[in-house]
Amino acid sequence: MSENPNETKLVNFAMANSIRRKIINFLADGYRSTGEIGEIVEKATLGFHLKILKDAGLIELEEETVKLSEYGTNFLKGKKEKNAEEITDFSQAKPIEIARVKQVLPCIADSSKLRVSANMTPPLSGVLKLLEPLFPRSNYSDRKDSLIIQKGEIITTVYGSGKVSIRMVENEDEAKEELERLKSIINEAIAKGEAPAPREKAKVDLIEIYKYLPQTNCGKCGEQGCYSFAIKLMARQVTLERCTLLKEPEYASKQEHLQVLTSYI
Ligand code: SF4
(Lines give C-alpha, C1' and ligand atoms only; values in the text may rest on other atoms or scores of the structure.)
Protein backbone atom coordinates (compact mmCIF):
# COMPACT_ATOMS: atom_id res chain seq x y z
CA MET A 1 0.00 0.00 0.00
CA SER A 2 1.05 3.58 -0.56
CA GLU A 3 3.27 5.28 2.04
CA ASN A 4 3.05 8.61 0.20
CA PRO A 5 0.70 10.95 2.18
CA ASN A 6 -0.60 12.61 -1.01
CA GLU A 7 -1.44 9.27 -2.61
CA THR A 8 -3.04 8.05 0.61
CA LYS A 9 -5.15 11.22 0.63
CA LEU A 10 -6.33 10.54 -2.94
CA VAL A 11 -7.23 6.94 -2.09
CA ASN A 12 -9.06 7.95 1.10
CA PHE A 13 -10.97 10.60 -0.83
CA ALA A 14 -11.84 8.12 -3.60
CA MET A 15 -13.04 5.46 -1.18
CA ALA A 16 -15.01 7.86 1.05
CA ASN A 17 -17.83 7.83 -1.49
CA SER A 18 -20.34 4.94 -1.51
CA ILE A 19 -20.77 5.00 -5.33
CA ARG A 20 -17.03 4.65 -5.84
CA ARG A 21 -16.87 1.84 -3.27
CA LYS A 22 -19.66 0.13 -5.20
CA ILE A 23 -17.68 0.43 -8.46
CA ILE A 24 -14.50 -0.96 -6.86
CA ASN A 25 -16.39 -3.95 -5.40
CA PHE A 26 -18.09 -4.49 -8.76
CA LEU A 27 -14.66 -4.75 -10.40
CA ALA A 28 -13.48 -7.34 -7.88
CA ASP A 29 -14.62 -10.23 -10.13
CA GLY A 30 -12.82 -8.97 -13.25
CA TYR A 31 -12.90 -6.25 -15.83
CA ARG A 32 -16.16 -4.55 -16.82
CA SER A 33 -17.26 -2.30 -19.63
CA THR A 34 -18.32 1.25 -18.79
CA GLY A 35 -21.79 0.21 -20.00
CA GLU A 36 -21.96 -2.55 -17.39
CA ILE A 37 -20.84 -0.17 -14.63
CA GLY A 38 -23.41 2.34 -15.91
CA GLU A 39 -26.11 -0.21 -15.04
CA ILE A 40 -25.27 -0.13 -11.33
CA VAL A 41 -24.46 3.58 -10.87
CA GLU A 42 -25.98 6.72 -12.31
CA LYS A 43 -24.64 7.12 -15.85
CA ALA A 44 -24.50 10.95 -15.62
CA THR A 45 -21.84 10.86 -12.89
CA LEU A 46 -19.98 7.74 -14.03
CA GLY A 47 -17.15 9.61 -15.82
CA PHE A 48 -16.57 11.79 -12.75
CA HIS A 49 -16.29 8.82 -10.38
CA LEU A 50 -14.08 6.83 -12.73
CA LYS A 51 -11.69 9.77 -13.05
CA ILE A 52 -11.33 10.01 -9.26
CA LEU A 53 -10.69 6.28 -8.97
CA LYS A 54 -8.14 6.46 -11.79
CA ASP A 55 -6.36 9.47 -10.27
CA ALA A 56 -6.10 7.53 -7.01
CA GLY A 57 -4.43 4.69 -8.95
CA LEU A 58 -7.16 2.19 -8.04
CA ILE A 59 -8.38 1.44 -11.58
CA GLU A 60 -7.13 1.33 -15.14
CA LEU A 61 -9.21 2.57 -18.05
CA GLU A 62 -8.71 1.26 -21.55
CA GLU A 63 -11.20 2.59 -24.09
CA GLU A 64 -14.54 1.22 -22.79
CA THR A 65 -13.00 -1.32 -20.42
CA VAL A 66 -12.36 -0.72 -16.73
CA LYS A 67 -10.36 -2.96 -14.41
CA LEU A 68 -8.71 -2.79 -11.02
CA SER A 69 -5.07 -1.75 -11.16
CA GLU A 70 -2.54 -3.90 -9.34
CA TYR A 71 -2.67 -1.35 -6.54
CA GLY A 72 -6.50 -1.47 -6.52
CA THR A 73 -6.45 -5.29 -6.37
CA ASN A 74 -4.06 -5.25 -3.41
CA PHE A 75 -6.09 -2.52 -1.75
CA LEU A 76 -9.29 -4.58 -2.00
CA LYS A 77 -7.51 -7.73 -0.84
CA GLY A 78 -6.18 -5.88 2.20
CA LYS A 79 -9.69 -4.64 3.02
CA LYS A 80 -11.20 -8.13 2.70
CA GLU A 81 -8.55 -9.62 4.96
CA LYS A 82 -9.23 -6.87 7.50
CA ASN A 83 -12.98 -7.56 7.37
CA ALA A 84 -12.36 -11.29 7.72
CA GLU A 85 -10.35 -10.54 10.82
CA GLU A 86 -13.24 -8.55 12.25
CA ILE A 87 -15.80 -11.37 12.06
CA THR A 88 -14.25 -14.74 12.68
CA ASP A 89 -16.76 -16.73 14.67
CA PHE A 90 -20.42 -17.11 15.57
CA SER A 91 -20.05 -15.97 19.19
CA GLN A 92 -22.46 -13.08 18.57
CA ALA A 93 -24.91 -15.10 16.42
CA LYS A 94 -28.15 -16.52 17.78
CA PRO A 95 -29.92 -19.69 16.52
CA ILE A 96 -32.29 -18.90 13.70
CA GLU A 97 -35.96 -19.67 13.17
CA ILE A 98 -37.84 -19.66 9.89
CA ALA A 99 -40.51 -17.12 10.72
CA ARG A 100 -42.99 -17.78 7.93
CA VAL A 101 -43.43 -18.72 4.33
CA LYS A 102 -44.67 -15.51 2.76
CA GLN A 103 -45.18 -16.15 -0.91
CA VAL A 104 -45.49 -19.09 -3.27
CA LEU A 105 -45.37 -18.23 -6.99
CA PRO A 106 -44.54 -20.02 -10.24
CA CYS A 107 -40.86 -19.76 -11.25
CA ILE A 108 -40.21 -17.24 -14.02
CA ALA A 109 -37.72 -19.61 -15.70
CA ASP A 110 -39.95 -22.69 -15.46
CA SER A 111 -43.62 -22.22 -14.61
CA SER A 112 -43.96 -25.90 -13.64
CA LYS A 113 -41.72 -25.16 -10.63
CA LEU A 114 -42.29 -22.83 -7.69
CA ARG A 115 -40.44 -19.98 -6.05
CA VAL A 116 -41.03 -19.50 -2.38
CA SER A 117 -40.16 -16.54 -0.12
CA ALA A 118 -39.71 -16.84 3.62
CA ASN A 119 -38.21 -14.95 6.53
CA MET A 120 -35.39 -15.95 8.81
CA THR A 121 -35.05 -14.46 12.28
CA PRO A 122 -32.83 -13.03 13.57
CA PRO A 123 -31.20 -11.81 10.34
CA LEU A 124 -27.71 -13.20 9.72
CA SER A 125 -26.14 -9.99 8.45
CA GLY A 126 -22.53 -9.83 9.62
CA VAL A 127 -22.03 -13.60 9.80
CA LEU A 128 -23.62 -14.61 6.52
CA LYS A 129 -20.31 -14.78 4.68
CA LEU A 130 -18.96 -17.22 7.31
CA LEU A 131 -21.66 -19.71 6.30
CA GLU A 132 -20.38 -20.13 2.76
CA PRO A 133 -18.10 -23.15 3.49
CA LEU A 134 -21.02 -25.02 5.07
CA PHE A 135 -22.58 -25.69 1.69
CA PRO A 136 -20.83 -27.68 -1.04
CA ARG A 137 -21.98 -25.23 -3.72
CA SER A 138 -22.53 -21.68 -2.52
CA ASN A 139 -21.39 -18.15 -3.20
CA TYR A 140 -21.44 -15.13 -0.89
CA SER A 141 -21.82 -11.70 -2.49
CA ASP A 142 -20.48 -8.73 -0.51
CA ARG A 143 -22.26 -6.36 -2.84
CA LYS A 144 -25.70 -7.85 -2.19
CA ASP A 145 -24.96 -9.24 1.29
CA SER A 146 -26.48 -12.49 0.12
CA LEU A 147 -25.52 -16.15 0.05
CA ILE A 148 -26.64 -18.22 -2.94
CA ILE A 149 -26.78 -21.95 -2.25
CA GLN A 150 -27.16 -24.46 -5.06
CA LYS A 151 -28.45 -27.97 -4.43
CA GLY A 152 -29.25 -29.84 -7.61
CA GLU A 153 -31.75 -27.67 -9.46
CA ILE A 154 -32.83 -25.81 -6.32
CA ILE A 155 -31.40 -22.33 -5.77
CA THR A 156 -31.73 -20.77 -2.33
CA THR A 157 -30.72 -17.19 -1.64
CA VAL A 158 -30.31 -16.02 1.95
CA TYR A 159 -30.08 -12.25 2.39
CA GLY A 160 -28.45 -10.43 5.30
CA SER A 161 -31.84 -8.79 5.94
CA GLY A 162 -33.38 -12.18 6.83
CA LYS A 163 -35.24 -12.70 3.56
CA VAL A 164 -34.90 -16.18 2.02
CA SER A 165 -35.90 -17.07 -1.51
CA ILE A 166 -36.07 -20.63 -2.85
CA ARG A 167 -36.47 -21.28 -6.55
CA MET A 168 -37.14 -24.27 -8.75
CA VAL A 169 -38.90 -26.39 -6.12
CA GLU A 170 -41.58 -28.91 -7.06
CA ASN A 171 -44.03 -27.88 -4.33
CA GLU A 172 -44.36 -25.99 -1.06
CA ASP A 173 -43.45 -29.08 0.98
CA GLU A 174 -40.14 -29.38 -0.83
CA ALA A 175 -39.44 -25.70 -0.04
CA LYS A 176 -40.28 -26.24 3.64
CA GLU A 177 -38.01 -29.29 3.75
CA GLU A 178 -35.21 -27.21 2.23
CA LEU A 179 -35.80 -24.43 4.77
CA GLU A 180 -35.62 -26.95 7.63
CA ARG A 181 -32.38 -28.39 6.23
CA LEU A 182 -30.94 -24.87 5.98
CA LYS A 183 -32.00 -24.07 9.53
CA SER A 184 -30.44 -27.17 11.03
CA ILE A 185 -27.10 -26.73 9.16
CA ILE A 186 -26.87 -23.07 10.22
CA ASN A 187 -27.92 -23.68 13.82
CA GLU A 188 -25.47 -26.55 14.18
CA ALA A 189 -22.65 -24.21 13.10
CA ILE A 190 -23.88 -21.46 15.42
CA ALA A 191 -24.04 -23.93 18.35
CA LYS A 192 -20.39 -24.89 17.72
CA GLY A 193 -19.52 -21.17 17.79
CA GLU A 194 -16.68 -21.57 15.32
CA ALA A 195 -16.52 -20.44 11.72
CA PRO A 196 -16.31 -23.44 9.38
CA ALA A 197 -12.91 -24.05 7.79
CA PRO A 198 -12.47 -22.57 4.31
CA ARG A 199 -13.99 -24.94 1.81
CA GLU A 200 -12.09 -26.91 -0.73
CA LYS A 201 -12.83 -26.02 -4.33
CA ALA A 202 -15.48 -28.25 -5.84
CA LYS A 203 -14.84 -29.31 -9.40
CA VAL A 204 -16.81 -27.61 -12.14
CA ASP A 205 -16.65 -28.84 -15.70
CA LEU A 206 -17.28 -27.21 -19.03
CA ILE A 207 -20.49 -29.15 -19.72
CA GLU A 208 -21.98 -28.07 -16.40
CA ILE A 209 -21.28 -24.42 -17.24
CA TYR A 210 -22.64 -24.83 -20.77
CA LYS A 211 -25.82 -26.50 -19.47
CA TYR A 212 -26.89 -23.30 -17.71
CA LEU A 213 -26.09 -20.85 -20.54
CA PRO A 214 -29.10 -19.75 -22.65
CA GLN A 215 -27.80 -21.87 -25.58
CA THR A 216 -29.19 -19.50 -28.20
CA ASN A 217 -25.76 -18.92 -29.78
CA CYS A 218 -26.85 -15.31 -30.34
CA GLY A 219 -23.26 -14.01 -30.34
CA LYS A 220 -24.07 -10.93 -28.24
CA CYS A 221 -21.16 -11.78 -25.93
CA GLY A 222 -18.77 -11.43 -28.86
CA GLU A 223 -18.16 -15.19 -29.06
CA GLN A 224 -19.21 -17.59 -31.81
CA GLY A 225 -21.71 -19.24 -29.52
CA CYS A 226 -22.48 -20.38 -25.99
CA TYR A 227 -19.97 -23.23 -26.06
CA SER A 228 -17.10 -20.88 -26.98
CA PHE A 229 -18.29 -18.53 -24.23
CA ALA A 230 -18.26 -21.44 -21.74
CA ILE A 231 -14.67 -22.27 -22.71
CA LYS A 232 -13.64 -18.65 -22.07
CA LEU A 233 -15.51 -18.61 -18.76
CA MET A 234 -13.62 -21.73 -17.69
CA ALA A 235 -10.36 -20.00 -18.64
CA ARG A 236 -11.47 -16.87 -16.73
CA GLN A 237 -11.02 -14.79 -19.88
CA VAL A 238 -14.55 -13.38 -19.70
CA THR A 239 -17.06 -12.66 -16.93
CA LEU A 240 -20.69 -13.78 -16.84
CA GLU A 241 -21.89 -10.20 -17.43
CA ARG A 242 -20.83 -10.51 -21.07
CA CYS A 243 -23.81 -12.76 -21.67
CA THR A 244 -26.48 -10.08 -21.65
CA LEU A 245 -29.27 -12.63 -22.18
CA LEU A 246 -28.71 -13.94 -18.66
CA LYS A 247 -30.00 -10.61 -17.35
CA GLU A 248 -33.44 -11.32 -18.77
CA PRO A 249 -36.00 -12.59 -16.19
CA GLU A 250 -36.53 -15.93 -17.93
CA TYR A 251 -32.85 -16.78 -17.35
CA ALA A 252 -32.74 -15.59 -13.72
CA SER A 253 -32.38 -19.10 -12.27
CA LYS A 254 -29.72 -20.08 -14.81
CA GLN A 255 -27.79 -16.92 -13.97
CA GLU A 256 -27.87 -17.75 -10.28
CA HIS A 257 -26.68 -21.30 -10.95
CA LEU A 258 -23.83 -19.88 -13.01
CA GLN A 259 -22.92 -17.34 -10.34
CA VAL A 260 -22.37 -20.22 -7.93
CA LEU A 261 -20.62 -22.47 -10.45
CA THR A 262 -18.21 -19.82 -11.75
CA SER A 263 -17.07 -19.09 -8.19
CA TYR A 264 -15.62 -22.64 -8.20
CA ILE A 265 -13.59 -22.22 -11.40
S1 SF4 B 1 -24.55 -13.87 -25.28
FE2 SF4 B 1 -25.05 -15.63 -23.98
S3 SF4 B 1 -26.64 -16.69 -25.15
FE4 SF4 B 1 -25.60 -15.35 -26.60
S5 SF4 B 1 -23.95 -16.62 -27.47
FE6 SF4 B 1 -23.07 -15.52 -25.77
S7 SF4 B 1 -23.27 -16.96 -24.07
FE8 SF4 B 1 -24.69 -17.67 -25.66
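Keep in mind that what you see is a predicted model, and the values were worked out from it rather than measured.

Some thoughts on the pairing of strand S9 (residues 163-169)
In terms of burial, S9 is a largely internal element, six of the seven residues being buried. Strand direction decides the pairing type here: strand S5 (residues 114-121) and S9, joined by five bridges, are antiparallel. By the bridge assignment for S9, Ser-117 is matched with Ser-165. Bridge count between strand S8 (residues 154-159) and S9: four bridges; the pairing is antiparallel. From the neighbouring strand, Ile-155 faces S9, where its bridge partner is Arg-167. A loop of three residues connects S8 with S9, the two strands running antiparallel in sequence, and Gly-162 in this loop sits at a positive phi of about 110 degrees.

Regarding the sheet that holds strand S7 (residues 146-151)
Strand order across the open sheet formed by six strands is S4-S5-S9-S8-S7-S6, with antiparallel pairing between neighbours. At either end of the open sheet lies a strand with only one pairing partner, and these are strand S4 (97-106) and strand S6 (138-141). Recorded for the sheet is a direction-independent mean angle of 15 degrees between the axes of neighbouring strands. In terms of strand pairing, S7 meets S8 through six bridges, oriented antiparallel.

A short note on the pattern of salt bridges
Under the counting rule described, the total for this entry stands at 13 salt bridges. Note that Lys-183 and Glu-97 form a salt bridge whose closest N and O atoms lie 3.4 Å from each other. In this pair, Lys-183 is assigned in helix H6 (residues 172-192) and Glu-97 in strand S4, connecting sequence segments 86 residues apart. According to the relative accessible area criterion, Lys-183 is buried, its value standing at 17%. Under the relative-accessibility criterion, Glu-97 is labelled partly exposed at 44%. Taken together, the shared-partner salt bridges in this structure form one network comprising Glu-97, Glu-180 and Lys-183.

Re the nonpolar core
A general tendency of soluble globular proteins is for nonpolar side chains to be buried together. Residues Phe-90, Met-120, Leu-124, Leu-131, Leu-182 and Ile-186 are the most contacted members of the largest nonpolar core, which totals 27 residues. Breaking this core down by element, the ones donating at least two residues are S5, S7, S8, S9 and H6. Here the element with the most residues in this core is H6; it accounts for six residues. Not counting residues within four places of it along the chain, the set of residues in contact with Met-120 comprises Ile-96, Glu-97, Ile-98, Val-158, Gly-162, Val-164, Leu-182 and Ile-186. Ranked by size, the runner-up nonpolar core spans 22 residues in total, among them Val-204, Leu-246, Leu-261 and Tyr-264.

Notes on the site of the ligand
Looking at the ligand, the residues that line it are Pro-214, Thr-216, Asn-217, Cys-218, Gly-219, Lys-220, Cys-221, Gly-225, Cys-226, Phe-229, Cys-243 and Leu-245. A class-by-class count of the residues in the shell around the ligand yields seven nonpolar, four polar and one charged.

Some thoughts on the domain arrangement of the protein
By the assigned domains, the protein splits into domain 1 (5-86), domain 2 (97-192) and domain 3 (206-262). Computed over C-alpha atoms, the centres of domain 2 and domain 3 are 24 Å apart. The partner domain 3 presents twelve residues to the 14 residues of domain 2 that form the contact. Here domain 2 packs against domain 3, burying approximately 1200 Å² in sum over the two surfaces, 50% of which is carbon and sulfur. Looking at the side of domain 2 facing domain 3, the largest losses of area belong to Ile-148, Gln-150 and Arg-167, adding up to 34% of the total buried there.

Some points on the sheet that holds strand S2 (residues 59-62)
Taken together, the three strands give an open sheet; going across it, the order is S1-S3-S2, and neighbouring strands pair in antiparallel fashion. A single partner strand is all that each edge strand has here, and the edge strands are strand S1 (32-33) and S2. Bridge analysis of S1 against strand S3 (residues 65-68) gives two bridges, and the strand direction is antiparallel. Residue pairing across strands places Ser-33 opposite Thr-65, the latter belonging to S3.

Reading the values: the criteria
- Residues numbered from 1 in each chain as written.
- Predicted model: local features only at pLDDT ≥ 70, side-chain atom pairs only at ≥ 80, totals over all residues.
- Heavy atoms only, no water.
- Buried < 20%, exposed > 50% of the residue type's maximum accessible area, 1.4 Å probe, protein only.
- Helix = DSSP H or I, 4+ residues; strand = E, 2+ residues; numbered from the N terminus.
- Pairing = 2+ DSSP bridges.
- Axes fitted to C-alpha atoms, helices over the stretch in contact; angles between N-to-C directions.
- Salt bridge = Lys/Arg side-chain N within 4 Å of Asp/Glu carboxyl O.
- Core = buried A, V, L, I, M, F, W, Y, C linked by side-chain atoms within 4.5 Å.
- Contact = heavy atoms within 4.5 Å.
- Near = heavy atom within 4 Å.
- Nonpolar A, V, L, I, M, F, W, Y, C, P; charged D, E, K, R; others polar.
- Domains from an automatic or database assignment.
- Buried area = accessible area lost by both parts, 1.4 Å probe.

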